[in-house]
Amino acid sequence: MIEETTNNASNFVSEVDSAFVFIFGISLFFLFAITIVMVYYVFRYRKSKNPKATHIEGNHKLEIIWTVIPTILVVIMFYYGWAGWKSQREVPEDAMTIKSIARMWSFGFEYENGVTTDTLYVPIHQPINLDLVAVDVLHSIYIPAFRIKQDMVPGKPDFIWFESGKIGEYEIFCAEYCGLRHSFMKTAVKVLSQEDYDAWYKGSSQTAEGAGAEGKALFQKFGCFACHSIDGSKLVGPSLKGIFNNKRMVIKDGEEIELVADAEYIKRSIYEPNADVVKDFVPGMMVSYKAMIKDEEVDQLIEYFKTLE
Amino acid sequence: MTQNESNQTHVSFRDVETRFKGLFAWVFSTDHKRIGLLYLYSIVTFFLTGVALGIAMKLELMAPGRDVMDPETYNAIFTLHGVIMIFLVVVPGLPAIFGNFFLPIMIGAKDVAFPKLNLMSWWLYVLGALVALSSLFMADGPPDTGWTFYAPYSFKTNTNVLPAVIGAFILGFSSILTGINFIVTIHRLRAPGMGWFKMPLFPWTLYGTGWIQILATPIVGITLLMIVGERLFSIGFFDPALGGDPILYQHLFWIYSHPAVYIMILPAMGAISEIIPTFANKTIFGYKAIVISTLAIAFVGYFVWGHHMFTSGMSGTALYTFSLLTFLVAIPSAIKVFNWVSTLHKASIQLEAPFFWAVSFVFVFMIGGLSGLALGALATNVHLHDTAFVVAHFHYIVFGGVGFAFLGAIHYWFPKMWGRMYNKKRAITGWVLFFIGFNTLYLPMFFLGISGMPRRYYDYVERFHGPNIVSTIGSWVLLIGLVVIIYNLVRSAKKGEPAVKNPWGGKTLEWTVDSPPTLENFEDIPEVTKGPYDYR
């Protein structure tokens, strides 16, 4: 369930919203006032009603008045905007840091215990500092209910922070166009009570069991699901259903060849994704994960893929 | 003098015998009026293409999920819509069409200062347009980066970014040459007696625009060349994978592209400043204040580009400096609005189609400008940046502002350009439909933005559905209005009643020459003694 606007969804909402009310209030007042005057003049001074115009070249006093008043108003607006924004760049010292990773086309959140999720879990009344990392192109993390947004620029770490005062689930969108599945790049932030959060945090770090369980967690962690389905449906990348030791048609150096998706092929596809591109898929869509996924993690992923019959 | 005699001595520029015949008599003509019409026909063609793409986008957004097209197609369509509308329609729009046709006549000259350069500008425009659109017919399809070509995505995508970029580069030269030509024309070719402050306001705005074209366009030129260098030779300017900086790209892009908005809007304001006094039968209120605010907009407009990047991670000092400057540029725009409205006070108003376009311009321009205030303030910008709110704001300025001014200008100067009158009732019907359609199309997008819908969205969550349906329906009403307007004008250009020299009672020099003008506009260069809008 996604919460609509509420005043304490984040600590910034009331300040940003009062800036909105001030700016929109003045804007609407001027829009209506000027429009009413204009329509009245058109009606009152139409030719049939007023056949002879009066020659008026201007009025210095009026010009000064309508330069000075808007100047004062916009300076006040500037101040409101600046005051409401300033605190967004000042992170409290006791903030809890969560690493946030954006890649085409999913978000990932990595907590201090090493667990990674695709939904952001945070406790209520706790300042949260998101360390922003983009791995491929520009993204922008946007939480409308919290009134915050920050671009995620590859090679330029940045941050965004908030403190939520209301338990609930709020949308997270990617606001910066990032290619094919930009509009599907969305997730949610779940604000939990401290007890619920602690329980979740403790439970999350316990390793799951069963064949390929670690690999499944990695599949989530690195956001692979954003482009590769496990049920056979075609997304941006080929589905991984039944991939292991099956035949695939790939394009290698412009030639169409058939090969078997063995462990070596899967590893190469993760480290050099554009070496062999499965037929009917576009090269260049995936970046190399060599710096992110370790050798043993690849093996764990392969164990997981084996279960996808 | 009878009609017959006047036809013998006064040959319209359309019927003049030249070296070439037929189409060649137009595409090789150095007559500023023919070049103006060449621009008109080419720009209208691209405009209609852009409209079709826009309607297709609205159709896709009518409901969540896939409606009529795949995301690949949608992304390419919104990119092409932006590239075509910005680079091929709105930037050249008013200066190239009405500036070419009317600047020399309004200042009492026989042509622009460099007629051959003027023709070359048009040829460059056509070449640039063809190069930019050639990507449509190439294997990997048109670019899907958005018209901003933001790095590093524009280096990662496999679509044909280069043709669009090289096309925009060529178009930049067309724009620069037009700017130089107009500035020299205004400096050197004003009629005797026409001091700077006796010059009409439309030429004044072309003067401000000319300087922006000369000073800002080279920056986008060099930026586009850097993209070419990066894509072809892997020189790392912008792509972090090569050691470049994506934020640098955004700075360079907006240093041009923000002033470009003023290239678009200043001549639009100029056209409105011509239409209002003519139909009010009254001199414009605060002529000098309007001139000074024009120059102020052109000048301050250079220093506000950073407001496109409030969430990009720039330093805090840069953010509030740009925010303050952005607010300052609002003031001269407000002054203009107050002056236009005051002109109507104690006027004697002829209620004709061009006047309705001008008054509705003031209304939609106010919505566009006032919505810009919420985008200029930092706290509110962070929430609204990259949402549908920005798209609505931008379209209220560029389609509402420039578009309404364009349609007002064409209804105003139509009798002079074609020497015929259009059907006045049908013109007003077209305006009513267009006005309703326009507001139905874009007002809901403000609400979508405030409630958090990002822009460039192929798909959206269910709670955004309602306003999107309304917006799509608005696009159809707007389209119907546009069809009525175009039908009326095209039909009247051939079959309309012949127009007199001065159908609206205007006071500027274009209303003293024939409709349509002769090749050299004036038999004798006029002597100017009065201000441009003296209705006493």
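Because the structure is predicted, anything quoted here is derived from the model rather than measured. (Residues numbered from 1 in each chain as written. Chains lettered and ligands numbered in written order. Predicted model: local features only at pLDDT ≥ 70, side-chain atom pairs only at ≥ 80, totals over all residues. Heavy atoms only, no water.)

1. Quick look at the overall build of chain B
In plain terms, the rule: Each helix is a run of H or I in the DSSP string that is no shorter than four residues. Each strand is a run of E no shorter than two, and both are numbered from the N terminus. What the globule rule says is 2.2 Å times the number of residues to the power 0.38, and the radius of gyration is computed from C-alpha atoms. Think of it in three bands: residues with accessible area under 20% of the maximum for their type are buried, residues over 50% are exposed, and the middle band is partly exposed, with areas taken using a 1.4 Å probe on protein chains only. By the convention used here, residues are in contact when the closest approach between their heavy atoms is within 4.5 Å. Note on areas: Shrake-Rupley with a 1.4 Å probe; residue coverage comes only from the protein chains shown. Asp and Glu are treated as the negative residues and Lys and Arg as the positive ones, with His and the ends of the chain left uncounted. Working definition for charges: the position is that of NZ of Lys, CZ of Arg, CG of Asp or CD of Glu.
On a plain count of helices and strands, chain B comes out with 17 helices and zero strands. Computed over the C-alpha atoms, the radius of gyration of chain B is 23 Å, within 12% of the 24 Å expected from 2.2 N^0.38 for a compact globule of 536 residues. Projected onto the principal axes, the alpha-carbon positions of chain B cover approximately 75 × 50 × 45 Å. The proportion of buried residues among the 536 residues of chain B is 68%. For chain B, restricting intrachain contacts to residue pairs at least 6 apart in sequence, the fraction spanning at least 24 positions comes to 81%. Summed over its atoms, the accessible surface of chain B is roughly 17,800 Å², and 68% of this surface lies on carbon and sulfur atoms. Where the 33 positive side-chain charges of chain B centre and where its 27 negative ones centre are 9 Å apart.

2. Digging into the packing of helix 16 (residues 424-450) of chain B against helix 17 (residues 465-495) of chain B
Two numbers describe a pair of packed helices, the interaxial angle and the distance between the axes. Residue and element names in this part refer to chain B. Definition in use: Every axis in this analysis is a line fitted to C-alpha atoms, fitted for helices over the stretch in contact. Angles between the N-to-C directions lie between 0 and 180 degrees. The labels follow the angle: roughly parallel below 35 degrees, roughly antiparallel above 145, roughly perpendicular from 65 to 115, and oblique for the rest. By convention, the crossing between two helices is left-handed when the near helix turns anticlockwise from the far helix through less than a right angle, and right-handed when the turn is clockwise. When residues are sorted by character, Ala, Val, Leu, Ile, Met, Phe, Trp, Tyr, Cys and Pro go into the nonpolar class, Asp, Glu, Lys and Arg into the charged class, and all the rest, Gly among them, into the polar class.
Contact pair helix 16 / helix 17: the axes reach a minimum separation of 7 Å and the direction vectors enclose 155 degrees. Comparing their axes, helix 17 and helix 16 come out roughly antiparallel. The two elements helix 16 and helix 17 cross, and the hand of that crossing is left-handed. Of the residues belonging to the contact of helix 16 with helix 17, the class tally is 19 nonpolar, nine polar and two charged.

3. Here's the deal with the sheet that holds strand 11 (residues 247-252) of chain A
All names here are of chain A. Let me state the cut-off plainly: Here, strands pair whenever DSSP counts at least two bridges between them.
Pairing within the open sheet is antiparallel, and its three strands lie in the order 12-11-13. Taken across any chain shown, the strands that pair with only one partner, and hence form the sheet edges, are strand 12 (255-260) and strand 13 (276-278). Across the sheet, the axes of successive neighbouring strands diverge by a mean angle of 45 degrees, strand direction being ignored. Here strand 11 runs beside strand 13; their pairing, made up of three bridges, is antiparallel. Residue pairing in the sheet places Ile251 in a bridge with Val277 of strand 13.

4. A few points about the pattern of salt bridges
Residues and elements named next belong to chain A. Using the following cut-off: Here a salt bridge means any side-chain nitrogen of Lys or Arg lying within 4 Å of a carboxyl oxygen belonging to Asp or Glu.
Under the counting rule described, the total for this entry stands at 20 salt bridges over all chains. Among the ionic pairs, Glu303 bridges to Lys306, the shortest N-O distance being 3.1 Å. Residue Glu303 and its partner Lys306 are located together in helix 6 (residues 295-306), separated by three residues, close to a single helical turn. In this structure Glu303 comes out as partly exposed when scored by relative accessible area, which is 39%.

5. Some thoughts on the nonpolar core
Our working rule: The definition of a nonpolar core used throughout is a set of buried Ala, Val, Leu, Ile, Met, Phe, Trp, Tyr and Cys residues joined through side-chain atoms within 4.5 Å.
If you look at the biggest cluster of nonpolar residues, it comprises 268 residues, and the most contacted ones within it are A:Leu120, A:Phe146, A:Phe162, B:Phe98, B:Trp340, B:Phe361 and B:Trp413. Ranked by residues supplied to this core, first place goes to helix 10 (residues 246-280) of chain B with 22 residues. If we ignore the near neighbours within four places in the chain, the residues touching B:Phe98 are B:Leu103, B:Phe202, B:Phe406, B:Ala409, B:Ile410, B:Trp413 and B:Met417. Membership of the second largest hydrophobic core comes to 26 residues, among which are A:Ile243, A:Tyr265, A:Ile270 and A:Leu301.

6. Thoughts on the domain arrangement of chain A
Residues and elements named next belong to chain A. Under the convention used in this document: For the purposes of this description, domain bounds are those given by an automatic or database domain assignment. Defined here as a combined quantity, buried area equals the accessible surface (1.4 Å probe) lost by two parts on assembly, summed across both. We call two N or O atoms a polar contact when they sit within 3.5 Å, provided that within protein one can donate a hydrogen and the other can accept it, with sequence-adjacent residues counted only if both atoms are side-chain atoms.
Its domain assignment divides chain A into domain 1 (13-89), domain 2 (96-205) and domain 3 (213-306). The contact between domain 2 and domain 3 buries some 1,100 Å² in all, and 64% of this surface belongs to carbon and sulfur atoms. For the interface between domain 2 and domain 3, the tally reads zero salt bridges. On inspection of domain 2 and its partner domain 3, the count reaches one residue pair in polar contact (both at pLDDT 80 or more). In the side of domain 2 that touches domain 3, the residues fall into four nonpolar, three polar and five charged.

7. What about the packing of helix 5 (residues 93-106) of chain B against helix 8 (residues 161-188) of chain B?
Residues and elements named next belong to chain B. Where helix 5 meets helix 8, the axes come as close as 12 Å, and the angle between the chain directions of the two elements is 25 degrees. The pairing of helix 5 with helix 8 is recorded here as roughly parallel in orientation. Remark: the crossing between helix 5 and helix 8 carries left-handed chirality. Residues Pro95, Gly99, Asn100 and Leu103 of helix 5 lie in contact with helix 8, whose contacting residues are Phe182, Thr185 and Ile186. For the contact of helix 5 with helix 8, a count of residues per class yields four nonpolar, three polar and no charged.

8. Digging into the state of the cysteines
All names here are of chain A. Heads up, the condition is: The rule for a disulfide is simple: a pair of cysteine sulfur atoms within 2.5 Å.
Considering all chains together, one arrives at zero disulfides over all chains under this definition. Cys178 supplies the cysteine sulfur nearest to Cys174, a cysteine that is in no disulfide, at a spacing of 3.9 Å. On the basis of relative accessibility, which here comes to 0%, the residue Cys174 falls in the buried class. The thiol of Cys224 is unpaired, and the distance to the nearest cysteine sulfur, on Cys227, comes to 8.9 Å. Its relative accessible area of 19% is what places Cys224 among the buried residues.

9. Some remarks on unusual backbone geometry
Residue and element names in this part refer to chain B. The peptide bond linking Ala151 to Pro152 adopts the cis configuration, its omega dihedral lying at -5 degrees. For Pro152, the position within the fold is in the loop between helix 6 (115-134) and helix 7 (153-156). Cis peptide bonds are those with omega within 30 degrees of zero, and the linkage from Ser515 to Pro516 qualifies with -10 degrees. Checked against the element boundaries, Pro516 lands in the segment after helix 17. Not every positive phi belongs to a glycine, and Ser234 is a case in point at roughly 55 degrees. Looking at the secondary structure, you find Ser234 in the loop between helix 9 (201-233) and helix 10. By relative accessible area, which is 47% here, Ser234 ends up partly exposed. Positioned with a positive phi, Asn521 is a non-glycine residue whose angle comes to about 65 degrees. Positionally, Asn521 belongs in the segment after helix 17. When its relative accessible area of 5% is taken as the criterion, Asn521 is described as buried.

10. Some details on the interface of chain A and chain B
Listed as interface residues are 75 residues of chain A and, on the opposing side, 86 residues of chain B. Here chain A and chain B share an interface that buries about 7,000 Å² over both sides, 70% of which is from carbon and sulfur atoms. Viewed at the interface, chain B and chain A are joined by three salt bridges. Across the pair A:Lys156 and B:Asp245 runs a salt bridge whose closest N-O atoms are separated by 3.4 Å. At the boundary of chain A with chain B, the tally comes to 24 residue pairs in polar contact (both at pLDDT 80 or more).

11. Topic: the packing of aromatic side chains
Our working definition: To pair, rings of Phe, Tyr and Trp, with the six-membered ring standing in for Trp, must have centres within 6.5 Å; the planes then decide the type, stacked if under 30 degrees apart, edge-to-face if over 60, and tilted in the middle. Ring-over charges, as used throughout, are those where CZ of Arg or NZ of Lys falls within 6 Å of the ring centre and within 35 degrees of the ring normal.
Summed over the entire model, instances satisfying the criterion amount to 86 aromatic pairs over all chains. Where A:Phe173 meets B:Tyr457, the ring centres are 6.1 Å apart and the plane angle is 85 degrees; that geometry is what we call edge-to-face. Note that A:Phe173 is positioned in strand 9 (residues 168-174) and B:Tyr457 in the loop between helix 16 and helix 17, a pairing that runs across two chains. Accessibility expressed as a relative area gives 2% for B:Tyr457, which makes it buried. Its end group placed over the ring of B:Trp26, B:Arg34 keeps NZ or CZ at 4.6 Å from the ring centre. Over the ring of B:Trp196 we find B:Arg190; its NZ or CZ atom is 4.2 Å from the centre of that ring.

12. With respect to helix 6 of chain A
A turn of α-helix holds 3.6 residues, and therefore any two residues three or four places apart point the same way. Rules: A helix is expected to span 1.5 Å for every residue after the first.
When the terminal C-alpha atoms of helix 6 of chain A are compared, their 17 Å separation across twelve residues agrees well with the 16 Å that a helix rising 1.5 Å per residue should span. Elements that come into contact with the buried residues of helix 6 of chain A comprise helix 4 (213-221) and helix 5 (263-271) of chain A.

13. Observations regarding the environment of B:Ile235
Residues and elements named next belong to chain B. When you line up the elements, Ile235 lands in the loop between helix 9 and helix 10. Between the C-alpha atom of Ile235 and that of Val16, which follows or precedes it by 219 residues, the distance is 53 Å. Beyond its immediate chain neighbours, meaning those up to four positions away, Ile235 contacts Gly229, Glu230 and Leu242.

14. Some remarks on the confidence of the model for chain A
Using the following cut-off: Scored between 0 and 100, pLDDT is the confidence that the predictor attaches to each residue.
Across chain A, the average pLDDT comes to 87, with 96% of residues at or above 70. Considering each helix and strand of chain A separately, the mean pLDDT is smallest for helix 4 of chain A, with a value of 81, and largest for strand 6 (residues 139-143) of chain A, with 96.

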